[in-house]
Amino acid sequence: MAKIQTPQAVRGTQDIFGEDQERFQHVVETFERVRRLYGFKGVQMPVFEPTAVFARSLGETTDVVSKEMYSFEDRGGDSLTLRPEFTAGISRAYLTNGWQQHVPLKLSTHGPLFRYERPQKGRYRQFHQLDAEIIGVSEAAADVELLCFADQLLKELGISDGVTLQLNTLGDAESRDAWRDALVEHFQAHKADLSKDSQDRLERNPLRILDSKERQDRPIADSAPDIDAYLSTEAKEFFTQVTEGLDACGVSWTRNSRLVRGLDYYRHTAFEFVTDRLGAQGTVLAGGRYDGLIESLGGPVTPAVGWAAGIERLGMLLADVPAKPMELAILPMGETASAKALAVASELRGSQFSAEIFGSGKFKKRMARANQVGALAAIIIGEDEMASGKVQFKNLATGEQTELDVAAVIEKMWDLRFSEDLDSFDADLTDLEQEVAQLGEAD
RNA sequence: GCGAUCGUAGCUCAGUUGGUUAGAGCGCCGGUUUGUGGUACCGGAGGUCGGGGGUUCGAGACCCCUCGGUCGCCCCA
């Protein structure tokens, strides 16, 4: 029989395992913990939606819709699309489930998204995001709360160093249109000097010329008018409330008047947390206010703000994530002991201790393995122990070994776990004391 | 979609102007040690040199195509 060629993984997909998985998991767990602190409810969304959900909300002409979506016909002939982002699906759910009754609605979710793009580091065809949205609040307080959440998340992940929050306002619809006209006029006057890409953008998406990376565009983009002169009184007031709110919460930010969004439904606040540590994929978390989106899906005018963050990108910025060590390693000797090992393992696990059986291979090897997984102790079960009903309990830190029954093992483990916690508490305390001492010296 | 660059063992990489049986370190398995973590020493497995075609007496190396990674552009988290 001819041997078949093993199929390859689909381009731009990843098999996340080992250290990468630890990083991924750590990002998600931190997000889940912090979002509760802010009272965001979790929500699970379908991975695919009718194509219209994204086509309408993102706009038919955007790159995402026109060339990056995974769209297909199902067996019933309906056009479906693997979600390229969360916001549109959440807005659809808000309308189809009548979630208006829960307003103000604070939602968070995370999961895979799909875009047909050229893969690079930190950029995949199936990628994963964290997402947070506040629907139904038109006040700037929602924008501030969302940004505080984002800021705290990055701090708790330990990656806020070198990441800056860039902030801008796009004003309300009226301000935005006035500014847009002024920009088009400005760029039209310099059209001949713009790059070819930007000349295209002038037709399609003039705001985007502002953040062009093309060298020849920079002088023209830099000399373009800021929105400030075109902001209505209300829009100006809104932005002031956002920035004052951030200052009050101790969230640092910088104004980037060139930061824009291409889509029409974006209003007021636009922001990006940016790092220079990821090359071209510098944006780590981004979002803004999208008061016009739900209306574009056929719903009532509904204010909303949200952000999304790339899990892979956050994971890459993380310092080493220590793997959670296994607490107990069980080493049975021989057939009957193997059966006994399973029983002992379930008893230990039932008492909330993590335990793994290393049942095959050389004993010496298994002992080394126990050490490698970071076990606090090894439990050895052999002929002698089977007879006595006890096990050998070896503390792997001290090398001390005693014969105990399982109940005594559990007791001993509580002590061990407690003293571990105490040690790490002491370490934290020492760190704190040092910080305080340093602060004292600084004064 | 455009441009550039790279692809040799599980991983990180050597491999001379084209020349015999393609190497090293780490990791893995085994032995010295039949029920105890480390070190050392010894041994072993593991490669259709990403894939296909071409040039040549001879290709891991040169040419073409293709797949994939990476870096820019576009777009975006």
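Preceding block: the structure.
Residues numbered from 1 in each chain as written. Chains lettered and ligands numbered in written order. Predicted model: local features only at pLDDT ≥ 70, side-chain atom pairs only at ≥ 80, totals over all residues. Heavy atoms only, no water.

### Regarding the overall build of chain A
Consideration 1: Looking only at helices and strands, one finds 15 helices and 16 strands in chain A.
Consideration 2: Here chain A has a C-alpha radius of gyration of 28 Å; the compact-globule value for 443 residues is 22 Å, and the former is much larger.
Consideration 3: Its C-alpha atoms give chain A principal-axis dimensions of about 90 × 80 × 50 Å.
Consideration 4: Counting across all 443 residues of chain A, residues that qualify as buried make up 46%.
Consideration 5: Long-range contacts, defined here as pairs at least 24 residues apart, represent 69% of the contacts in chain A between residues at least 6 apart.
Consideration 6: Within the structure as shown, chain A displays about 23400 Å² of accessible surface, and the carbon and sulfur contribution to it stands at 50%.
Consideration 7: Averaging the positions of the 49 positive and the 71 negative side-chain charges in chain A gives two centres separated by 7 Å. (Helix = DSSP H or I, 4+ residues; strand = E, 2+ residues; numbered from the N terminus. Rg over C-alpha atoms; globule rule 2.2 N^0.38 Å. Buried < 20%, exposed > 50% of the residue type's maximum accessible area, 1.4 Å probe, protein only. Contact = heavy atoms within 4.5 Å. Areas by Shrake-Rupley, 256 points an atom, 1.4 Å probe, with all protein chains shown as cover. Lys, Arg positive; Asp, Glu negative; His and termini not counted. Charge placed at Lys NZ, Arg CZ, Asp CG, Glu CD.)

### Concerning helix H1 (residues 19-37)
Consideration 1: Between its first and last C-alpha, H1 extends 27 Å over 19 residues, near the 27 Å set by a 1.5 Å rise per residue.
Consideration 2: For H1, the full list of buried residues reads Arg23, Phe24, Val27, Val28, Thr30, Phe31, Glu32, Val34 and Arg35.
Consideration 3: Packed against the buried residues of H1 are strand S1 (41-42), strand S5 (105-114), strand S6 (126-135), helix H5 (140-156), strand S11 (304-310) and helix H11 (311-317).
Consideration 4: Just beyond H1, the residue with positive phi is Gly39, at close to 75°. (Expected span 1.5 Å × (residues − 1).)

### What about a nonpolar patch on the surface?
Consideration 1: A cluster of nonpolar residues, Val47, Phe48 and Phe72, forms a patch on the protein surface that exposes about 250 Å² of accessible area.
Consideration 2: Position of Phe48 relative to the elements: it lies in strand S2 (residues 48-50).
Consideration 3: Given a relative accessible area of 45%, Phe48 falls into the partly exposed group. (Patch = residues over 30% accessible without salt bridge, like charges linked within 9 Å, V, L, I, M, F, W, Y side chains within 5 Å. Salt bridge = Lys/Arg side-chain N within 4 Å of Asp/Glu carboxyl O.)

### Here we look at the sheet that holds strand S3 (residues 71-73)
Consideration 1: Spatially, 3 strands are ordered S2-S4-S3 in an open sheet, and the strand pairing comes out antiparallel. At either margin of the open sheet sits one strand with a lone partner, and together these are S2 and S3. Along the sheet, successive strands turn relative to each other by an average axial angle of 35°, direction set aside.
Consideration 2: Taken together, the 3 bridges between S3 and strand S4 (residues 79-82) define a ladder with antiparallel strand orientation. Across the sheet, Glu73 pairs through a bridge with Ser79, a residue of S4.
Consideration 3: Each of S2, S3 and S4 is contacted by helix H2 (residues 51-58), which is oriented at about 75° to S2, the strand it contacts most. (Pairing = 2+ DSSP bridges. Axes fitted to C-alpha atoms, helices over the stretch in contact; angles between N-to-C directions.)

### Digging into the environment of Pro303
Consideration 1: With respect to the helices and strands, Pro303 occurs in the loop between helix H10 (293-296) and S11.
Consideration 2: Counting along the chain gives 69 residues from Pro303 to Glu234, while the straight-line C-alpha distance between them is 15 Å.
Consideration 3: Excluding residues that lie within four positions of it along the chain, Pro303 makes contacts with Ile134, Ile135, Gly136, Val137, Ser138, Arg289 and Asp291.

### A word on the pairing of strand S9 (residues 267-275)
Consideration 1: Counting buried residues in S9 gives 7 out of 9 residues, a clear majority hidden from the surface.
Consideration 2: Here strand S7 (residues 163-169) runs beside S9; their pairing, made up of 7 bridges, is antiparallel. Within S9, the position partnered with Leu167 by the bridge is Phe271.

### Considerations on the protein's contact with RNA strand B
Consideration 1: With respect to spatial proximity, 48 residues lie near RNA strand B, and among them Arg115, Arg123, Thr283, Asn371 and Leu396 are the closest.
Consideration 2: Protein-proximal atoms of RNA strand B, defined as those within 4 Å of the protein, fall in sugar or phosphate at a share of 58%.
Consideration 3: Between a phosphate oxygen of RNA strand B and a main-chain N or O atom of Gly12, the distance comes to 3.4 Å.
Consideration 4: Lys365 has a polar side-chain atom sitting 3.0 Å from a phosphate oxygen of RNA strand B. (Near = heavy atom within 4 Å. Polar contact = N/O pair within 3.5 Å; in protein donor to acceptor, adjacent residues only side chain to side chain.)

### Section: a negative patch on the surface
Consideration 1: On the surface, a cluster of negative charge is contributed by Glu420, Asp421, Asp423, Asp426, Asp428, Asp431 and Glu435.
Consideration 2: Looking at the secondary structure, you find Asp426 in helix H15 (residues 406-442).

### A word on the environment of Glu385
Consideration 1: Along the chain, Glu385 turns up in helix H14 (residues 383-388).
Consideration 2: Its relative accessible area of 10% is what places Glu385 among the buried residues.
Consideration 3: Each C-alpha atom, one on Glu385 and one on Ala337, is 8.9 Å from the other, the two residues being 48 residues apart in sequence.
Consideration 4: With sequence-adjacent residues up to four places away left out, Glu385 is seen in contact with Ile380, Lys390, Val391 and Gln392.

### Overview of the packing of H5 against helix H9 (residues 233-249)
Consideration 1: As a packed pair, H5 and H9 sit with axes 9 Å apart at the nearest point and diverge in direction by 35°. In this structure, H5 crosses over H9, and the sense of that crossing is right-handed. Between H5 and H9, the contacting residues are Ala140, Asp143, Val144, Leu147 and Cys148 on the first element and Phe238, Gln241, Val242, Gly245, Leu246 and Cys249 on the second.
Consideration 2: Residues of the contact of H5 with H9, tallied by class, amount to 8 nonpolar, 2 polar and 1 charged. (Left-handed = near helix turned anticlockwise from the far one by under 90°. Nonpolar A, V, L, I, M, F, W, Y, C, P; charged D, E, K, R; others polar.)

### Describing the sheet that holds S9
Adjacent strands of a sheet pair through backbone hydrogen bonds, lying either parallel or antiparallel.
Consideration 1: The strand order across the open sheet formed by 8 strands is S1-S5-S6-S11-S10-S9-S7-S8, and the pairing between neighbours is mixed. The two strands at the open ends of the sheet, each matched to only one other strand, are S1 and strand S8 (254-255).
Consideration 2: Here 6 bridges tie S9 to strand S10 (residues 283-289), and the two strands are oriented antiparallel to one another. By the bridge assignment for S10, Ala270 is matched with Gly288.
Consideration 3: Across the sheet, H9 touches S7, S8, S9 and S10, and the angle it forms with S7 is around 160°.

These results come straight from atomic positions and should not be treated as a statement about function.
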